[in-house]
Protein chains: 2
Amino acid sequence: MDVTMRTAEADKNTGPAIGDTEITDARARAAAALKNAGLVVTDEEIAAMEIADFGLGDLNNIGLEIVVYVNTNRVCAKELVLFPGQACPEHRHPPAGDRDGKEETFRCRAGTVYLYIEGTPNCAPYTRGLENYADYLTVSHEIILQSGEQYTLAPDVLHWFRAGENGAVVSEFSTTSTDENDVFTDPRIKRVAEA
Amino acid sequence: MDVTMRTAEADKNTGPAIGDTEITDARARAAAALKNAGLVVTDEEIAAMEIADFGLGDLNNIGLEIVVYVNTNRVCAKELVLFPGQACPEHRHPPAGDRDGKEETFRCRAGTVYLYIEGTPNCAPYTRGLENYADYLTVSHEIILQSGEQYTLAPDVLHWFRAGENGAVVSEFSTTSTDENDVFTDPRIKRVAEA
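Quick caveat: nothing in here was measured; it's all calculated off a predicted structure.

*Asks:* Whenever I open this one, the relation of the copies chain B and chain A confuses me. Can you help?
*Replies:* What relates the two chain copies is a rotation about an axis together with a slide along it. Note on the copies: chain B fits chain A at an RMSD of 0.0 Å, the axial shift is 0.0 Å, and the rotation between them is 180°. Here the symmetry operator amounts to a two-fold rotation axis. When each C-alpha of chain B is compared by its distance to the rotation axis, G38 of chain B comes out closest, at 2.4 Å. The share of interface residues of chain B whose copies in chain A are also at the interface is 100%, consistent with both copies meeting through the same surface.

Listed below in structure tokens is the structure:
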């Protein structure tokens, strides 16, 4: 959901959503996290920052703060801010039309990220406090990324990720971002406002 | 030139090249610049950092220090370090085979970058100290990027860029990087060691 485009109609269609005060507060917190990570963003980028609550209205548990630097027909680059313990819910990026699925590299810039992908389970995933969503966090091959570490995810691979207790800032380098094509495991999620 | 692959044979083919001491020193200076910019890179990334002198043996004037984060068949992301006044010489990224030309976004993370591209000349370009190369710096539509500012360059557009007097760190988000396809204006330049 692009909150800069929020309308009452969009809110109605995307179900529970956070209010303007919470959005403004989240932008300020995310801006501070970027600054602490040493990443310079402009005032315009902060004002346009997407606060994604995935339609669940539970931002501090399930959510993502996103600065999109560039998203052309070929390449996308973003900064993702995760508050302490905040999780991006499980999803995948399938092929769409004549476009291959999205390929993503996550590079941790600050904090710790717990990334879970398809593959042999190798842990009890970090789901404390996410009991409402546990049924929809199905993959548990864990990759821990500290500052300066990264992982490249192949297209269409199920994944979710969560910040450690100090939050995290992650640079995402990818092919074109088309949020409307993302497939989430949790059927309650609405990523993009419906038309 | 991938200096991690340097061999005596490669040196012979790429003409003048800097020595190992200068390469080691450049890596240390570039690592310090990345740290000052708040960007965390691993020891392995520093050890693999490319010190590109473009075969000219004049690194402090014409050169680039490059950390490649990812370079798949679809997407590339790098950090570019430029020492004070150091310039990346004029070139373009034409289509090659069935691949479109490389599309690049330069995001200045620290310092100041003077980017020159094709288009209406709008300045006397910053060529002080680059007199040996002035004949091959032909485009002079200037775009100045400060920390937090960026520019997306279309494929096959001639461009060169140079750091201001305090140096610069630039994140490059692009399609696949295939250095061997770059076309430089200065015929003396050898970007990649010949086979």
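*Asks:* Sorry, what's going on with the pairing of strand 8 (residues 159-174) of chain B here?
*Replies:* Every other side chain in a regular strand lies on the same face of the sheet, so the side chains alternate between the two faces. Residues and elements named next belong to chain B. Here strand 8 lies mainly inside the structure; 14 of its 16 residues are buried. Across seven bridges, the pairing between strand 3 (residues 76-82) and strand 8 is antiparallel. Across the sheet, residue L82 finds its bridge partner in strand 8, namely A168. Here strand 4 (residues 87-92) pairs with strand 8 via three bridges, running antiparallel. Directly across from H91, in strand 8, lies its bridge partner H159. Bridge analysis of strand 5 (residues 104-117) against strand 8 gives twelve bridges, and the strand direction is antiparallel.

*Asks:* Is there a simple way to explain the interface of chain B and chain A in this structure?
*Replies:* A common way to report how large an interface is uses the accessible area buried once the components associate. Each partner contributes to the interface: chain B provides 29 residues, whereas chain A provides 29 residues. Surface buried jointly by chain B and chain A totals about 2200 Å² across both partners, of which 50% is contributed by carbon and sulfur atoms. Remark: the boundary between chain B and chain A carries four salt bridges. Breaking the side of chain B that touches chain A down by element, the ones donating at least two residues are strand 2 (64-71), strand 3, strand 5, strand 7 (150-153) and strand 8 of chain B. Partitioned by chemical class, the residues of the side of chain B that touches chain A number ten nonpolar, twelve polar and seven charged.

*Asks:* So what exactly am I meant to see when it comes to the nonpolar core here?
*Replies:* Nonpolar side chains in soluble globular proteins tend to end up buried together. Core analysis: the largest hydrophobic core is formed by 41 residues, its most contacted members being L34 of chain A together with L34 of chain B. Those elements that place two or more of their residues in this core are helix 2 (20-36), strand 2 (64-71), strand 3 (76-82) and strand 8 (159-174) of chain A together with helix 2 (20-36), strand 2, strand 3 and strand 8 of chain B.

*Asks:* Can you help me understand the side chain of E90 of chain A in this one?
*Replies:* Residues and elements named next belong to chain A. Assignment of secondary structure puts E90 in strand 4 (residues 87-92). Despite its burial, E90 pairs with no opposite charge, the nearest such side chain being R92 at 8.1 Å. A distance of 2.6 Å separates the side chain of E90 from the side chain of T185, its partner in a polar contact. Those residues in contact with E90 that lie beyond four places of it in its chain are Y136, L137, T138, V139, L158, H159, W160, V183, F184 and T185.

*Asks:* What should I look at first to understand helix 2 of chain A in this one?
*Replies:* Every α-helical turn comprises 3.6 residues, leaving residues that sit three or four positions apart pointing alike. Residues and elements named next belong to chain A. Its 17 residues place the ends of helix 2 24 Å apart at the C-alpha level, agreeing with the 24 Å of an ideal helix rising 1.5 Å per residue. Burial in helix 2 covers these residues: I23, A26, R27, A30, A31 and L34. The arc that holds every buried residue of helix 2, seen down its axis, measures 135°, which confines them to one face. Along helix 2, exposed side chains directed more than 90 degrees from the buried face belong to T21, T24, K35 and N36. Residues of helix 2 that are buried make contact with helix 3 (43-47), strand 1 (50-52), strand 2, strand 3 and strand 8. The positive-phi residue at the C-terminal boundary of helix 2 is G38, with phi of around 85°.

*Asks:* How do you make sense of the confidence of the model for chain A when you look at a structure like this?
*Replies:* In low-pLDDT regions, the fine details of the predicted coordinates are not to be read closely. All names here are of chain A. Across chain A, pLDDT averages 91, with 90% of residues at or above 70. In this model residues 1-16 is a low-confidence stretch, pLDDT under 50, and it forms 38 contacts with partners more than four residues away in sequence or in other chains. Complex prediction metrics read pTM 0.91 and ipTM 0.90.

*Asks:* Help me understand the pattern of salt bridges in this model?
*Replies:* Between side chains of opposite charge, a pair can form when the charged atoms approach closely. The tally for this structure, following the rule as stated, stands at 14 salt bridges over all chains. Put simply, D25 of chain A and R29 of chain A hold a salt bridge, and the shortest N to O gap is 3.9 Å. Remark: R29 of chain A and D25 of chain A occur in helix 2; sequence separation between them is four residues, near one turn of the helix. For D25 of chain A, a relative accessible area of 40% translates into the label partly exposed. Residue R29 of chain A is classed as partly exposed on the basis of its relative accessible area of 33%. Measuring nitrogen to oxygen at the nearest pair gives 2.8 Å for the salt bridge that ties R107 of chain A to E45 of chain B.

*Asks:* Would you mind showing me how to read the side chain of E104 of chain B here?
*Replies:* Residues and elements named next belong to chain B. Note on placement: E104 falls in strand 5. For E104, a relative accessible area of 2% corresponds to the buried category. Of the polar contacts made by the side chain of E104, one reaches the side chain of H159; its length is 3.2 Å. Every residue in contact with E104, bar those within four places of it in the chain, is listed here: H93, Y151, T152, L153, H159, E172, F173 and S174.

Analysis parameters
- Residues numbered from 1 in each chain as written.
- Chains lettered and ligands numbered in written order.
- Predicted model: local features only at pLDDT ≥ 70, side-chain atom pairs only at ≥ 80, totals over all residues.
- Heavy atoms only, no water.
- Least-squares fit on C-alpha atoms with pLDDT ≥ 70 in both.
- Contact = heavy atoms within 4.5 Å.
- Buried < 20%, exposed > 50% of the residue type's maximum accessible area, 1.4 Å probe, protein only.
- Helix = DSSP H or I, 4+ residues; strand = E, 2+ residues; numbered from the N terminus.
- Pairing = 2+ DSSP bridges.
- Buried area = accessible area lost by both parts, 1.4 Å probe.
- Salt bridge = Lys/Arg side-chain N within 4 Å of Asp/Glu carboxyl O.
- Nonpolar A, V, L, I, M, F, W, Y, C, P; charged D, E, K, R; others polar.
- Core = buried A, V, L, I, M, F, W, Y, C linked by side-chain atoms within 4.5 Å.
- Lys, Arg positive; Asp, Glu negative; His and termini not counted.
- Polar contact = N/O pair within 3.5 Å; in protein donor to acceptor, adjacent residues only side chain to side chain.
- Expected span 1.5 Å × (residues − 1).
- Arc of directions from axis to C-beta.
- pLDDT = per-residue confidence, 0-100.

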